[in-house]
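# Topology and contacts: notes
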Amino acid sequence: MKAIQTKGISLKIDKFQLDNISLSIPSRKITSIVGPNGSGKSTLLKIISRLVTANDGTVYVQNKNAKNYKTKEFAKTIAMLPQSKDMLPNVTVRELISFGREPYKHFLSNRLNEEDEEIIDAAMKMTKTTKHENRLFYSLSGGEQQKVRIAMALAQKTDILLLDEPTTFLDIAHQYDLMELLQQINEKYNMTIIMVLHELQQAAAYSHYMIAMKHGNIIECGVPEKLLSTKFLHDVYEIDARILFEDGFPLIIPKTRRKQNDYCNEHN
Ligand SMILES: Nc1ncnc2c1ncn2[C@@H]1O[C@H](COP(=O)(O)OP(=O)(O)OP(=O)(O)O)[C@@H](O)[C@H]1O
């Protein structure tokens, strides 16, 4: 079963056009959507998660038309973490994670039951955020906040997790820490993870499948080792660069880089 399929998705926003997007995203795998700024990656993620409605086309979530899901049923199937700058609520870590249980609340009761509390505890344990549970969310560092947001999504108990640029604003150590957490979540819960990433090396290292977008179109899809090439960098990013693979990890070396001495000379 495919986690997501889109058939002929189109959306016009001012001068931007998402153009007849048809794609399949595999279940239980990690998929990265990459591409230049403004190519439509976030918009595509928002359409899949029903935050934005397309002008044309259909999104299928686990083989069912996304429009045919009831709101709670959809929230039990897909969790979406938008870019982190969009969310800084004035609540404790535990309270924030408990929002993940909203779709499971009975309409007559606003209280969390024992099972909810256990699921929240397990989400904090998985993300190693238990020690912060009584702190205010906004007082955490960027890396800690990102883990708490992932814990909230885990508490939602969905099969599919969408993330928009989860590593932005994190230093390299916290970026890898986060990618490893997502890998562990994928392996432990068989969760389908779909994320927009800018860092190609990270995307290739941690994804089973990659989708490249440009100007509102899908340019290429495939497994990272096959997708990433000099031609890919030229076609998608219009850069002239070489790619070397070391232990399956891609190293991207721009051909047009200025020599370091040029910068030194400018300052002398
Ligand atoms: N609500 C909106 N109003 C006007 N233009 C919009 C709106 N939402 C998106 N756009 C435009 O649509 C285009 C695609 O935006 P989108 O955020 O999907 O790109 P992206 O590939 O995720 O970019 P980035 O990598 O910079 O985050 C951009 O040109 C953006 O300015």
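Anything mentioned here points back to the structure above.
Here's what I pulled together on the structure shown here. Because the structure is predicted, anything quoted here is derived from the model rather than measured.

Reading the values: the criteria
- Residues numbered from 1 in each chain as written.
- Predicted model: local features only at pLDDT ≥ 70, side-chain atom pairs only at ≥ 80, totals over all residues.
- Helix = DSSP H or I, 4+ residues; strand = E, 2+ residues; numbered from the N terminus.
- Rg over C-alpha atoms; globule rule 2.2 N^0.38 Å.
- Buried ≥ 20, exposed ≤ 12 C-beta atoms within 10 Å, placed from the backbone.
- Contact = placed C-beta atoms within 7 Å.
- Pairing = 2+ DSSP bridges.
- Axes fitted to C-alpha atoms, helices over the stretch in contact; angles between N-to-C directions.
- Near = placed C-beta within 6 Å.
- Nonpolar A, V, L, I, M, F, W, Y, C, P; charged D, E, K, R; others polar.
- Parallel < 35°, antiparallel > 145°, perpendicular 65-115°, else oblique.
- Left-handed = near helix turned anticlockwise from the far one by under 90°.
- Expected span 1.5 Å × (residues − 1).
- Arc of directions from axis to C-beta.

All right, on to the overall build of the protein then. When you go through the protein residue by residue, the secondary structure sums to 10 helices and 12 strands. Taking 2.2 N^0.38 as the reference for a compact globule, 268 residues should give roughly 18 Å; the C-alpha atoms of the protein span a radius of gyration of 20 Å, in line with that estimate. Taken along its principal axes, the extent of the C-alpha atoms in the protein is 65 × 45 × 35 Å. Relative to its full complement of 268 residues, the protein shows a buried share of 34%. Excluding contacts between residues fewer than 6 apart, the proportion of contacts in the protein whose partners are at least 24 apart in sequence is 65%.

Strand order in the open sheet formed by 4 strands is E2-E1-E4-E5, with antiparallel pairing between adjacent strands. For this open sheet the edge positions go to strand E2 (16-26) and strand E5 (64-65), each flanked by a neighbour on one side alone. In this sheet, E2 lies alongside strand E1 (residues 2-13) in antiparallel orientation, the contact comprising 8 bridges. Counted as the bridge partner of Leu11 is Leu18 from E2. Packed on one face of the sheet, helix H1 (residues 41-48) meets E1, E2 and strand E4 (56-61) and runs near 120 degrees to E1.

Within the element layout of this structure, Pro224 appears in helix H8 (residues 224-227). For Pro224, a count of 22 C-beta atoms within 10 Å puts it in the buried group. Along the chain, Pro224 and Ala204 lie 20 residues apart, while their C-alpha atoms are 5.1 Å from each other. Once residues within four sequence positions are removed from consideration, Pro224 is found in contact with Ala204, Ser207 and Met210.

Close to the ligand lie Ile13, Asp14, Phe16, Gly35, Asn37, Gly38, Ser39, Gly40, Lys41, Ser42 and Thr43, which account for all nearby residues. The residue makeup of the shell around the ligand, split by class, is 2 nonpolar, 7 polar and 2 charged.

Checked against the element boundaries, Gln83 lands in the loop between strand E6 (78-81) and helix H3 (93-98). Owing to 15 C-beta atoms within 10 Å, Gln83 belongs among the partly exposed residues under this scheme. On a C-alpha basis, the gap between Gln83 and Ile218 in space is 21 Å, while along the polypeptide they are 135 residues apart. When sequence neighbours within four positions are dropped, the list of residues in contact with Gln83 reads Asp164, Glu165 and Thr168.

Looking now at the packing of helix H5 (residues 142-155) against helix H6 (residues 172-189). The N-to-C vectors of H5 and H6 enclose an angle of 15 degrees; their axes lie 10 Å apart at closest approach. Of the possible angle classes, the one that applies to H5 and H6 is roughly parallel. Judged by the twist between their axes, the crossing of H5 over H6 is right-handed. Mapping the contact onto sequence places Gly143, Gln146, Lys147, Ile150 and Leu154 in H5 and His174, Asp177, Leu178, Leu181 and Ile185 in H6. Partitioned by chemical class, the residues of the contact of H5 with H6 number 5 nonpolar, 3 polar and 2 charged.

Taking 1.5 Å per residue, 18 residues should reach 26 Å; H6 reaches 26 Å between its end C-alpha atoms and fits that length. If you check which residues of H6 are buried, you get Leu178, Met179 and Leu182. On an axial view of H6, the arc spanned by its buried residues comes to 95 degrees, and they lie on one face. The outward face of H6, more than 90 degrees from its buried face, is lined by the exposed residues Ala173, Glu180, Gln184, Glu187 and Lys188. The inward-facing, buried residues of H6 contact strand E3 (30-34), H5, strand E8 (192-196) and helix H7 (200-206). Of the residues flanking the end of H6, it is Asn190, one or two places downstream, whose phi is positive at about 55 degrees.

Bridging between E1 and E4 involves 5 bridges; their strand directions are antiparallel. Bridge pairing in E4 places Thr6 opposite Val59. As paired elements, E4 and E5 share 2 bridges and run antiparallel to each other. Residue pairing in the sheet places Val61 in a bridge with Lys64 of E5.

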